[in-house]
Amino acid sequence: RKEVEQDPGPFNVPEGATVAFNCTYSNSASQSFFWYRQDCRKEPKLLMSVYSSGNEDGRFTAQLNRASQYISLLIRDSKLSDSATYLCVVNIRGGSQGNLIFGKGTKLSVKP
Amino acid sequence: AAGVIQSPRHLIKEKRETATLKCYPIPRHDTVYWYQQGPGQDPQFLISFYEKMQSDKGSIPDRFSAQQFSDYHSELNMSSLELGDSALYFCASSFTNSGNTIYFGEGSWLTVV
């Protein structure tokens, strides 16, 4: 079983739609959680960190459920520019000794 | 703001040759990471350095080695290249005292023919 699992999609949604991505992780010792966005043939870019209390950044809301080892990302009012692959990322050890474990990503395509 | 700089951006090598990728982290960042992303795959962690010492090791083949120098730049050396080594190689850096947010460079495309 992969350490971080995501639905690969693709999610094809119209502009203005609300879309949610889910992610599960297997290592209960995981300390930090992130959503990264990756455009085709580009580097991953941090979208937002994910906190237990949930956090929101404009149209994006991230949630973490440690008991269920589950992370979510909600995108409201989708824009064409949101089309990308969204990577769920977990840091097991945290601190400077950690490394990031990536999910395979969920592809989002927002259509006019 | 300065970002992570990688060079070369594109590299074509033949099988069994050697390649070296360079990475210049964001100034004052104390940790450097190397990732490999094959076509259609997620990034796979290879190795990391904290304050010029190797701090963590992932799925890095024995044919690969890396080091971080006194000026904090890092190099990934790949020998006896195989076709399967063709991938996008990302370097990333972070600073311990700023929440360890990791910033990626634009990557180096390696094609082995």
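Here the structure is shown first, and the text comes after it.
Here's a quick rundown of the structure. (Residues numbered from 1 in each chain as written. Chains lettered and ligands numbered in written order. Predicted model: local features only at pLDDT ≥ 70, side-chain atom pairs only at ≥ 80, totals over all residues. Heavy atoms only, no water.)

Focus: the packing of aromatic side chains
Going by this rule: We call Phe, Tyr and Trp rings a pair once their centres come within 6.5 Å, taking the six-membered ring for Trp, and we label the pair stacked below 30 degrees between planes, edge-to-face above 60, and tilted otherwise. The helix and strand labels rest on DSSP assignments: H or I over at least four residues marks a helix, E over at least two residues marks a strand, and numbering proceeds from the N terminus. Burial here depends on accessible area, computed with a 1.4 Å probe over protein chains only, as a share of the maximum for the residue type. Under 20% is buried, over 50% is exposed, and the range in between is partly exposed.
Scanning the entire structure with this criterion turns up twelve aromatic pairs over all chains. Considering the side-chain rings of F34(A) and Y36(A), the 6.3 Å spacing of their centres and the 70° angle between planes classify their relative orientation as edge-to-face. Pairing F64(B) with Y89(B) gives two aromatic rings, centres 6.4 Å apart and planes at 55°, and the pair type is tilted. Here F64(B) is found in strand β7 (residues 64-68), whereas its partner Y89(B) is found in strand β9 (residues 87-94), with 25 residues between them in sequence. The pair F64(B) / Y89(B) is uniform in exposure class, with both members buried.

Quick look at the sheet that holds strand β8 (residues 70-75) of chain A
All names here are of chain A. As a reminder, the rule being used: A pair of strands counts as paired when DSSP detects no fewer than two bridges linking them. What counts as an axis is a line fitted to C-alpha atoms, over the stretch in contact for a helix, and the angles between N-to-C directions run from 0 to 180 degrees.
The five strands lie next to each other as β1-β3-β8-β7-β6, forming an open sheet whose pairing is antiparallel. Among the strands making up the open sheet, the edge pair consists of β1 (4-6) and β6 (55-57). Neighbouring strand axes in the sheet, compared pairwise and without regard to direction, differ in orientation by 20° on average. Where β6 lies against strand β7 (residues 60-65), three bridges are found, and the strand directions are antiparallel. Residue pairing across strands places D57 opposite F60, the latter belonging to β7.

Focus on the interface of chain A and chain B
Operational definition: Between two residues, a contact is recorded if the distance between any of their heavy atoms is within 4.5 Å. Throughout, buried area stands for the accessible area (probe radius 1.4 Å) lost by two parts on being put together, summed over both. Any carboxyl oxygen of Asp or Glu that lies within 4 Å of a side-chain nitrogen of Lys or Arg is treated as forming a salt bridge with it. We call two N or O atoms a polar contact when they sit within 3.5 Å, provided that within protein one can donate a hydrogen and the other can accept it, with sequence-adjacent residues counted only if both atoms are side-chain atoms. Amino acid classes used here: Ala, Val, Leu, Ile, Met, Phe, Trp, Tyr, Cys and Pro are nonpolar; Asp, Glu, Lys and Arg are charged; the rest, including Gly, are polar.
Each side of the interface is counted separately: chain A has 18 residues, and chain B has 21 residues. Carbon and sulfur atoms supply 51% of the area buried between chain A and chain B, which totals about 1,700 Å² over both sides. Across the chain A-chain B interface, the total number found is one salt bridge. Summed over the shared surface of chain A and chain B, the number is five residue pairs in polar contact (both at pLDDT 80 or more). Going through the elements one at a time, β4 (32-38) and β10 (100-102) of chain A are the ones with two or more residues in the side of chain A that touches chain B. Residues of the side of chain A that touches chain B, tallied by class, amount to five nonpolar, seven polar and six charged.

Geometric descriptors of this kind do not, in isolation, establish any biological role.
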